[in-house]
Every structure is written in structure tokens, then in C-alpha cells.
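# Analysis of the macromolecular model
Residues per chain, in single letters:
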Amino acid sequence: MSLNRSWRAELTVVAAGGVALVLLGLWYEHLAVALLTGVTSYLAWHLVQLYRLYDWLTRGCVTPPPDAKGIWAALLCELWRGQRRTRKRKRKLRRALRRFKESTAALPEATVVLGLYGEIEWWNAAAEQLLGLRRPDDRGQRIANLIRHPEFVRRLELGDWRQPLVISSPVDANIWLTLNLVPTAKHKYLLLAQNTTRLQHLDQVRRDFVANVSHELRTPLTVISGYVEALLDHPEARKPPWKHVLPQVHEQARRMRGIVEDLLLLSRLELDRELTSEEEIAVTTLLRQIHKEAMELSGEARHRILLDVDPQLGLRGNRNELRSAFSNLVVNAIRYTPTGGEIRLRWHADTQGAHFCVSDTGVGIEARHIPRLTERFYRVDVGRSRETGGTGLGLAIVKHVVTRHGGELTIESTVGKGSTFTCHFPVRHFYWLEIEPRLEPEPFNPLALTHDE
Ligand SMILES: Nc1ncnc2c1ncn2[C@@H]1O[C@H](COP(=O)(O)OP(=O)(O)OP(=O)(O)O)[C@@H](O)[C@H]1O
Ligand SMILES: [Mg+2]
């Protein structure tokens, strides 16, 4: 019977009993005695039922509830059903937890459950091997006390896990781990560490191979270029067939030297992932030089090249690397923007950090190519890039340089309308230069020089 129906039945019984007692009391002219007896008996019955319920509850509700009548029968039945449901749910939960623990324990990846403050709550066997966690001492410890790698600690503090982090294992420096942190439930995180030593080793072999080959090619290419340059001055070089052949050989040798230099630069950038030395760079001065060179490079194409900079905004980093990265973006904008197009170089800061933006009104890039642009030798239109002398290494260099400065390169583009390449630098990398306030506004802004002016 449902609790509602039992409740109505109980009220009916109480009302009927009350009426009967009143009638009985009136009949025998002892209304008070009749009512008192009735109420006392009713109360006593409820007390007995209450005691039986209490007894059943304190024994853990493991047996079916005691027999009862009326409202108590319905109440006990409801409680018993609720208990059974809870027990079933608990059993299911325990089974799910056991399955989770069994499967994560068998995982080759180290898996660590972390609390809100990075305190270790649970880990699997692989975490003991790869991260050196020990039972039971490390339970409740903060993970940053056990993995002290500065970049790991920084990422934990900032909660920045957009990219996995590669570090050597705290147990054995020869083991390379790729770490990822994912939020699971409210205030709970899962730290996953995968042993990627083999991959890192293969990557190292590839890097060494590229660096060695590039290095070995450098000398012969310089020699070839030297001889060709000498031959170009020879009177015979102005006669056919050398008239056509030698300039071609000279140009191709120059291109190859460019590729070798770019590959060596990339190898160097990959070798030391972190910036070792930083200097304060007045970016505005650097961008003025790049702007001047860009106008010279644009030449006949007569692009409108605008420079929009915050002169007080400086950057801490490596001047040569940043110069190379910024120039690469500007050269690309010139290469891939048709005659008369507009190119805008912007350097500014906001609460997110400092940003160097190169926007053009050029050919644009299809969305499917964008994620691959920073791969080595990736070119959207190989024929066109070759025509313009491109090898597809420029953006790979830009990405490396920006990443080494703690930043990020973003690319937005619409085919036929143009592209915007932005280097975002974190707040810790920029600073404000002390500049005397200008007394008079300058009538002419040389930074906005264009070919048309
Ligand atoms: N501003 C741009 N507008 C349109 N396409 C671009 C732009 N910048 C780069 N691209 C595309 O991205 C590709 C890769 O650029 P990247 O700078 O890496 O190589 P590249 O310019 O061809 O050669 P280089 O190694 O000399 O820089 C280019 O080949 C081009 O197709
Ligand atoms: Mg380029």
C-alpha cells in the first residue's frame, strides 16, 4: 500500500476511533476517562512501533523489517525499499570502482588521481615505476613536491595543459615521459604519464641526422658557390651555353645554402628548448628596421605596408631569433600578397600579453592547410612557393622561436581576402620602456610610411 493511502486510512481509523470513544464516554458519562484511555493506548502502540523501527535500524536493516500494521507497515515497507535501492547502487558503484582500478592498474601509463591542490589521492602500479610514487607515504603529498621539474610546476600553477609536457622521469633521467593533466570530476584531476622514450629517441636520431647532413652540406655548397661566383666573372661565362647555365647553378646553390642554413637554425632551436639568455629588446626599433627592409623587398609590387606599434612596449628574449621570426612573417605577407595589397604590422599589449600581428590582404589559405603550415617543408601551393623562392621552413622556425619565448602562434585566414599571423607572448616576457613624454605632437608619423606617400 502506498504511503499516501496508508496515511489516509490511518486518519480515518483515528477519526472513527475518536468518534467511537466520544460516543462511549457520553453513553457511560465518563467522556474524559474514555478519551484518556484511547489516547494513551494509541500512544503506547506508536511507542512500541517506534521502538521496533529503532531496533531494526540499529541492526543495520539487513533483515526484512518487522511485521507492522497501518501507517507503520507502509513506512517500514518504504524504508526497506529505499535501503535495497541504496545497497544496489552501492554495489554497482563498488563494481565500477573495482573495474576502474583494475583497468587503470593494468595500464602501461602512469595514472595519478589528484585533488584540487595537486594532492595525490590514488595512483596505479605504473606511476610507482615511472614517477617513483611510494605507498603509503606519498598519499596526500602534493605532486609538485615529487615532480619538481620547473615547467611542470609552472604548468600546474597556471593550469595550462593545452599541450602535453615532455620531461625526463624523476626516477631515471633516461626515461622520457609525456605528461597530460585532465580534469575529471569537480576539483579532481587525472595526471597521465606515458613512457615515450622510444619516440624521443627516434626524434633525437632524426634531429641528429638532419643537423649532421646540413652541417656536412654546408662546406661543399660554399665551395660550389665560390667557384660559380668566380666563373661568373670569367669572359667565357657571357657566351652560350654558360650564359644561361651558370646563373642558374649560382641561384640554385644560393637556394640550397638557404635551406641548409634554415635547417641548421631549426636544429639549434630544437636542441635547447628553453631560452638560455634573455635580453631586453626595444621591439619598435626592431620593427622599424624590418619595416624598412620590407618596403625594399616589396619594390615594384608597391604594397602599402603600415606599422602600428606601441613604442613603450618591449620584449625579453633573444633578439636574433625574434628578428628572424618577425621577418619571416613579413616576408611571407609580401610574397603571398598581390601587387598593391595592404600589409599591416601591429605590436601591442593587453591583459593577455603582448602580440605581434602581421595581417595582409593577400591570397589567403584554405582552412584545411592551416594546422599543417608550421610543419617543415609544408607549402600550400608548391609551384607558387618555388616561384617565390620558398622552401616551407619559415613558419616552422617562427613557431619554434615563439614557443621558446613561452608564446603561441595563431593563424587566421580567408581565401582571397587575406591572412593574419599573430605571435602571442605571455605577460612575463614583456616590459614597459621608460620614455620621456612627448611635449609636442609630431606632425608626421614616419612609422606609417607607405609607398603611396
Ligand atoms: N601570408 C600568407 N598568405 C598566404 N599563404 C601563406 C602566408 N604565409 C605562409 N603561407 C603559406 O604557408 C606556406 C608555408 O610558409 P613558410 O613560411 O613556412 O614557407 P615558405 O614561405 O614557402 O618558405 P620559406 O622557408 O622561405 O619561408 C607557404 O608556402 C604558403 O603557402
Ligand atoms: Mg616563409
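Owing to the predicted nature of the structure, the values given are computational and were not obtained by experimental measurement.

Turning our eyes to something else, we now look at the domain arrangement of the protein chain. Along its sequence, the protein chain is organised into domain 1 (3–99), domain 2 (107–195), domain 3 (199–271) and domain 4 (279–448). The straight-line distance from the C-alpha centre of domain 3 to that of domain 4 is 27 Å. Taken residue by residue, the interface counts 10 residues in domain 3 and 14 residues in domain 4. Counting the surface lost from both domain 3 and domain 4, the interface buries some 1100 Å², and carbon and sulfur atoms represent 67% of this. Applying the counting criterion to the domain 3 and domain 4 interface returns one salt bridge. R376 is the partner of E270 in a salt bridge, and the nearest nitrogen-oxygen pair spans 2.9 Å. Summed over the shared surface of domain 3 and domain 4, the number is one residue pair in polar contact (both at pLDDT 80 or more). Of all the secondary-structure elements, those providing two or more residues to the side of domain 3 that touches domain 4 are helix 7 (197–232) and helix 8 (242–271). Among the elements that take part in the side of domain 3 that touches domain 4, helix 8 stands out by supplying eight residues, more than any other. Classifying every residue of the side of domain 3 that touches domain 4 by side-chain character gives six nonpolar, no polar and four charged.

So, on to a nonpolar patch on the surface. Together, L3, L57, L75 and L79 give the surface a local cluster of nonpolar side chains, amounting to about 280 Å² of exposed area. Here L57 lies in helix 2 (residues 31–58).

One finds L287, F326, W347, F356, C423 and F425 to be the most contacted residues of the largest nonpolar core, which totals 46 residues. Per-element tally for this core: the top contributor is helix 10 (residues 319–335), with seven residues. Here this core spans two domains, and each of domain 3 (199–271) and domain 4 (279–448) adds at least three residues to it. If sequence neighbours within four positions are ignored, L287 has contacts with L307, V309, F326, W347 and F356. Ranked by size, the runner-up nonpolar core spans 22 residues in total, among them V112, W161, L165 and I175.

Tracing the backbone through its elements, the reader meets T374 in the loop between strand 10 (353–360) and helix 11 (382–387). Judged by its relative accessible area of 18%, T374 is buried. For T374, the residues in contact, after removing those within four places along its chain, are L395, A396, K399 and L409.

Here we come to the sheet that holds strand 9 (residues 342–350). The five strands lie next to each other as 7-9-10-12-11, forming an open sheet whose pairing is mixed. For this open sheet the edge positions go to strand 7 (304–309) and strand 11 (408–414), each flanked by a neighbour on one side alone. Each neighbouring strand pair of the sheet contributes to a mean axis angle of 10°, computed without reference to strand direction. Direction of pairing for strand 9 relative to strand 10: antiparallel, over a ladder of eight bridges. Of the residues in strand 10, the one forming a bridge with L345 is V358. Seen against the sheet, helix 9 (residues 283–298) touches strand 7, strand 9 and strand 10 and runs at an angle of roughly 175° to strand 7.

Right, let's get into the pattern of salt bridges. A side chain with one charge can pair with a side chain of the opposite charge if their charged atoms come near. The full count for this structure, using the stated rule, is 24 salt bridges. Between E261 and R218 there is a salt bridge; the shortest N-O distance is 3.0 Å. Taken together, the residues E261 in helix 8 and R218 in helix 7 connect sequence positions 43 residues apart. Its relative accessible area of 37% is what places E261 among the partly exposed residues. Through salt bridges that share partners, D203, R206, R207, E270 and R376 make up one connected network.

Residue P136 is bonded to the preceding R135 through a cis peptide linkage, with omega at -5°. The residue after P240, namely P241, is reached through a cis peptide bond having omega 0°. Summarising the element assignment, P241 is placed in the loop between helix 7 and helix 8. Look at E29: it is not a glycine, yet its phi comes out positive at around 55°. Looking at the element boundaries, E29 is found in the loop between helix 1 (3–28) and helix 2. Taking the relative accessible area as the measure of exposure, E29 reaches 70% and is therefore exposed. A positive phi angle is found at R302, which is not glycine, with a value near 45°. Among the secondary structure elements, R302 is positioned in the loop between helix 9 and strand 7.

A word on the packing of helix 8 against helix 12 (residues 394–404). It is the contact of helix 8 with helix 12, at a shortest axis distance of 10 Å, that shows an interaxial angle of 25°. One finds that helix 8 runs roughly parallel with respect to helix 12. As for the relative orientation of helix 8 and helix 12, their crossing is left-handed in sense. For the pair helix 8 and helix 12, contact is made by D262, L265, L266, L269 and E270 and by A396, I397, H400, V401 and R404, respectively. For the contact of helix 8 with helix 12, the per-class residue count stands at six nonpolar, one polar and three charged.

Rules of the game
- Residues take numbers from 1 onward in each chain, read along the sequence in its written order.
- As they are written, the chains are lettered A onward and the ligands numbered 1 onward, keeping that order.
- Local features in this predicted model are restricted to residues of pLDDT 70 or higher, and side-chain atom pairs are both shown and tallied only at a pLDDT of 80 or more, whereas totals for entire chains, interfaces and linings draw on every residue.
- Only hydrogens and water are removed before side-chain values are computed, so all heavy atoms of the structure are retained for them.
- Residue ranges assigned to the domains are those given by an automatic or database domain assignment.
- Two residues qualify as a contact provided that any one of their heavy atoms is within 4.5 Å of a heavy atom in the partner residue.
- The term buried area means the drop in 1.4 Å probe accessible area that two parts suffer when joined, counted for both and summed.
- By definition, a salt bridge exists where a carboxyl oxygen of Asp or Glu is found within 4 Å of a side-chain nitrogen of Lys or Arg.
- N or O atoms closer than or at 3.5 Å make up a polar contact, with two conditions inside protein: a donor-capable atom paired with an acceptor-capable one, and, for residues adjacent in sequence, both atoms drawn from side chains.
- Helix numbers and strand numbers start at the N terminus; a helix is a DSSP run of H or I with at least 4 residues, a strand a run of E with at least 2.
- In this classification, the charged set is Asp, Glu, Lys and Arg, the nonpolar set is Ala, Val, Leu, Ile, Met, Phe, Trp, Tyr, Cys and Pro, and all remaining amino acids, among them Gly, are polar.
- Each patch is built from salt-bridge-free residues with over 30% relative accessible area, joining like charges within 9 Å and nonpolar side chains (Val, Leu, Ile, Met, Phe, Trp, Tyr) within 5 Å.
- For the accessible areas, the method is Shrake-Rupley and the probe is 1.4 Å, while residue cover comes only from the protein chains on display.
- Residues enter a nonpolar core if they are buried and are Ala, Val, Leu, Ile, Met, Phe, Trp, Tyr or Cys, with the set joined through side-chain atoms within 4.5 Å.
- Only protein chains enter the calculation, and the probe is 1.4 Å; a residue is then buried if its accessible area is under 20% of its type maximum, exposed if over 50%, and partly exposed in between.
- By this definition, two strands are paired if DSSP reports at least two bridges between them.
- Lines are fitted to the C-alpha atoms to define the axes, a helix being fitted only along its stretch in contact, and any angle between axes, read from their N-to-C directions, falls within 0 to 180 degrees.
- Any angle between 65 and 115 degrees counts as roughly perpendicular, while under 35 counts as roughly parallel, over 145 as roughly antiparallel, and the rest as oblique.
- Note on convention: the crossing is left-handed when the near helix lies turned anticlockwise from the far helix by less than a right angle, right-handed when the turn is clockwise.

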